[in-house]
Amino acid sequence: MTVTGASKPYTPQQHCPSCRGADHPPLEEQREPARERVNRRWNEILQETRVAQTGVQILFGFLLSVAFTPYFHELRTFDHVVYVITVVLGASGTGALIAPVSIHRFLSGQRMKDDIISIAGRLMVCGMVLLALTIGGTLLLLLHVVVPSLLAELLVGGVMLWFAVCWYVLPILLRRRSAHRTEA
């Protein structure tokens with residue numbers, strides 16, 4: 001098994017002897033110089049940002065076009081309110097997910113990459129929350145038109161629960177598992 005993207009391929013034999021092949025970082029990664037680590041972390045954030053930005057921008061573009069359809073004016077007040085909130089959430093999510101690029105551009109060369117990575121990580125989490133809420137609002141708008149109101153709300157609630165589990169609960173559980181392994 002090899003992992004690409006590192007300076008040398010990773011093989012399970014590179015684990016320290018006390019780890020006995022457990023899923024811990026290899027010695028090579030534990031000795032990663034600070035500059036290489038910060039550059040790797042920045043590149044990871046850039047890759048994550050590209051994925052999230054694409055999703056939020058496509059969704060936001062769709063939302064902006066909805067108001068210009070003939071059917072939009074026939075929607076009830078509740079749907080108009082959901083639409084406005086969803087558009088604002090989408091715009092905010094777009095801002096949060098693009099902000100790391102802007103911050104990097106303004107602060108490039110200032111030797112602040114550690115700070116930029118910390119702030120960019122927080123903005124990514126905020127942007128992902130806003131993206132999830134935007135998806136929920138969009139689903140509610142669409143499903144309100146197609147199915148009865150209560151069913152639409154139950155379906156959206158189920159999808160939002162799924163997002164919460166996949167995007168937030170699972171990573172938190174994995175982080176705790178990793179912390180327990182580190183303590184042991």
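Residues numbered from 1 in each chain as written. Predicted model: local features only at pLDDT ≥ 70, side-chain atom pairs only at ≥ 80, totals over all residues. Heavy atoms only, no water.

### A look at helix α3 (residues 77-107)
For α3, with 31 residues, the first-to-last C-alpha span of 44 Å sits near the 45 Å given by 1.5 Å per residue. Where α3 bends most, at A99, the angle is about 40 degrees, and the proline P100 comes one to four residues later. Positive backbone phi, approximately 85 degrees, marks G109, located one or two places after α3. (Helix = DSSP H or I, 4+ residues; strand = E, 2+ residues; numbered from the N terminus. Expected span 1.5 Å × (residues − 1). Bend = angle between axes of the 7 residues up to and from the residue.)

### Some points on the packing of aromatic side chains
As enumerated under the stated definition, the model contains three aromatic pairs in all. The interplanar angle of 70 degrees and the centroid separation of 6.3 Å between the aromatic rings of W167 and Y168 together place this pair among those described as edge-to-face. Take W167: its relative accessible area is 28%, and that puts it in the partly exposed class. Three or more aromatic residues link up through ring pairs in this structure, and these residues are F163, W167 and Y168. (Phe/Tyr/Trp six-rings, centres within 6.5 Å; stacked < 30°, edge-to-face > 60°. Buried < 20%, exposed > 50% of the residue type's maximum accessible area, 1.4 Å probe, protein only.)

### Concerning the nonpolar core
Counting 13 residues, the largest nonpolar core has L63, F72, Y83, V87 and L141 as the members making the most contacts within it. Taken together, the elements giving at least two residues each to this core come down to α2 (34-66), α3, α4 (113-146) and α5 (149-183). For Y83, the contacting residues outside a window of four places in its chain are L63, L64, V66, A67, F72 and L141. (Core = buried A, V, L, I, M, F, W, Y, C linked by side-chain atoms within 4.5 Å. Contact = heavy atoms within 4.5 Å.)

### A short note on the pattern of salt bridges
Considering all chains together, one arrives at three salt bridges under this definition. Salt-bridge contacts for E32 lead to R40; the nearest nitrogen and oxygen are separated by 2.9 Å. A residue is classified by how much of its surface remains accessible, and R40, at 30% relative accessible area, is partly exposed. Two residues, D79 and R76, come together in a salt bridge whose shortest N-O distance is 3.7 Å. A residue is classified by how much of its surface remains accessible, and R76, at 49% relative accessible area, is partly exposed. One network of salt bridges, with partners in common, ties together E32, R40 and E44. (Salt bridge = Lys/Arg side-chain N within 4 Å of Asp/Glu carboxyl O.)

### Regarding unusual backbone geometry
A positive phi angle, close to 60 degrees, is found at R111, a residue other than glycine. Positionally, R111 belongs in the loop between α3 and α4.

### Considering the packing of α2 against α3
Two elements in contact, α2 and α3, have axes separated by 9 Å at closest approach and are oriented at 150 degrees. Put simply, α2 runs roughly antiparallel to α3. In terms of crossing hand, the pair formed by α2 and α3 is left-handed. Residues W42, T49, A52, Q53, V56, Q57, F60, L63, L64 and V66 of α2 touch α3, and the partners they reach there are Y83, T86, V87, G90, A91, G93, T94, L97, I98, P100, V101 and H104. When its residues are assigned to classes, the contact of α2 with α3 shows 14 nonpolar, eight polar and no charged. (Axes fitted to C-alpha atoms, helices over the stretch in contact; angles between N-to-C directions. Parallel < 35°, antiparallel > 145°, perpendicular 65-115°, else oblique. Left-handed = near helix turned anticlockwise from the far one by under 90°. Nonpolar A, V, L, I, M, F, W, Y, C, P; charged D, E, K, R; others polar.)

### Description of the confidence of the model for the protein
One rule of thumb: low pLDDT means the predicted coordinates there are not for detailed reading. Across the protein, pLDDT averages 82, with 84% of residues at or above 70. Low pLDDT, under 50, characterises residues 1-22; the predicted model gives this stretch 24 contacts beyond four residues in sequence or across chains. (pLDDT = per-residue confidence, 0-100.)

### Brief notes about the packing of α3 against α4
Packing of α3 against α4 brings their axes to within 8 Å, and their N-to-C directions diverge by 160 degrees. Overall, the two elements α3 and α4 adopt an arrangement that is roughly antiparallel. Where α3 crosses over α4, the two elements pack in a sense that is left-handed. Here the contact of α3 with α4 is built from residues that sort into 21 nonpolar, 10 polar and one charged.

### Considerations on a nonpolar patch on the surface
Judged by side-chain polarity, L161, V165, V169 and L173 come together as a nonpolar surface patch covering roughly 340 Å² of accessible area. With relative accessibility at 56%, the residue L161 sits in the exposed group. (Patch = residues over 30% accessible without salt bridge, like charges linked within 9 Å, V, L, I, M, F, W, Y side chains within 5 Å. Areas by Shrake-Rupley, 256 points an atom, 1.4 Å probe, with all protein chains shown as cover.)

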